[in-house]
Amino acid sequence: MTYLRGTTLDQQEVTGSLETITLGNAWAGPLGIAWIAAFINSAKATFAPANVMQFVRSLDATDPLLSRFGWVLAASVAVLSGLMISGSHTLATSAWIKPMKFSVSFATFVWTISLFLSALDLSSWQRKLARYAIVGSITLEMASLIVTAARSIQGGALTKFDVMTAQATSAMISVVTAVSVWLLAMFLRSPQSTLLIDRAQLLAIRLSMGIFLAGNAIGGYMLARGSHTVGAADGGQGLPFLNWSTVAGDLRIAHFIALHAIQIVPLFTWLLWQMTPRPSLKYRKRAVVIVSALVTLVVSATFIQAAIGKPFLSFLR
């Protein structure tokens, strides 16, 4: 996200100011056909297999710990899928669904945080501390989720061990939240304290992390109330795999969208940066604010919808 094609961060610093093409009449304004076509072309180039592999290799070279930890989390989905298939539970009721979802979410989070760390001018010990805190907390939380899933399959009443496991999960979430707050504070410093050369990307990270922390607050609210379903008991009828309730309000929807804002908004900004010709900084900043506002609106709407007990797909009825 912070790299130009064919350059490193150090090379970017030496490059100085880059030529930016201001949109003219041929682009027919922000919603013009040419702009939309350029954005689509940027997306195609970004997600081309060769560029994706180059990104993976670059991430592994600059941050092997978080890069490979993300792949371990992704690989665990296959293992958990095998456990689910070997059991007697269905896709809608399997206890392994929750750790599977968390594995995917944590993998994307780890890779994103790795990119954010590479964009900050930090000392070596700060980077190491942040990385080890992320790896340690997520490892313990995943272990807690897997143990909980296994014990729920066995059945039986809750024990002191189950309570301690739940408390450990809450503690690990607090560690991840603390690291995220610290990262946001680092990005809120003067632009010169980051290695980013594009101020639109810096704005995207700041806004998206604010939304992400709001999502963490929703997660804390669910833990405090002891359930995520409003108007029914947890574990009822829900969407395949996601298990979002289709009969009552579900706070996990707003939580999910808010947490993934740190991928949605910065990725959108990166695609704008890769456009040819590139929109001016003014237009890119406006686009970042608009997309962030839309994500915030969706998070707010789904939270309110869940809070009043309405299922996610009720508007289709």
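Here goes a summary of the coordinates provided. On a predicted model such as this, the values are computed, not experimentally measured, just so you know.

Here's the deal with the packing of aromatic side chains
Right, on to step 1. For the structure shown, the criterion picks out nine aromatic pairs.
Right, on to step 2. Here the aromatic rings of W244 and F312 are separated by 5.9 Å at their centres, their planes lie at 80 degrees, and the arrangement is edge-to-face. You can see W244 sitting in the loop between β1 (229-230) and β2 (249-250) and its partner F312 sitting in the segment after α11 (281-307), a full 68 residues away along the chain.
Right, on to step 3. According to the relative accessible area criterion, W244 is buried, its value standing at 9%.
Right, on to step 4. Take F312: its relative accessible area is 24%, and that puts it in the partly exposed class.
Right, on to step 5. One aromatic cluster is present, built from ring pairs that chain together W244, F256 and F312.
Right, on to step 6. One residue, R278, lies across the ring of W273, its end atom 3.7 Å from the ring centre.
Right, on to step 7. Here K282 stacks its cationic end above the ring of Y283, 5.3 Å away from the centre of that ring.

Describing the side chain of S227
Right, on to step 1. Locating S227 in the fold gives a position in the loop between α8 (199-225) and β1.
Right, on to step 2. Excluding residues that lie within four positions of it along the chain, S227 makes contacts with M222 and D234.

Digging into the environment of H260
Right, on to step 1. Mapping H260 onto the fold places it in the loop between α9 (252-259) and α10 (261-273).
Right, on to step 2. Excluding its chain neighbours within four sequence positions, the residues that come into contact with H260 are S105 and T108.

Calculation notes
Residues numbered from 1 in each chain as written. Predicted model: local features only at pLDDT ≥ 70, side-chain atom pairs only at ≥ 80, totals over all residues. Heavy atoms only, no water. Phe/Tyr/Trp six-rings, centres within 6.5 Å; stacked < 30°, edge-to-face > 60°. Helix = DSSP H or I, 4+ residues; strand = E, 2+ residues; numbered from the N terminus. Buried < 20%, exposed > 50% of the residue type's maximum accessible area, 1.4 Å probe, protein only. Lys NZ or Arg CZ within 6 Å of the ring centre and 35° of its normal. Contact = heavy atoms within 4.5 Å.

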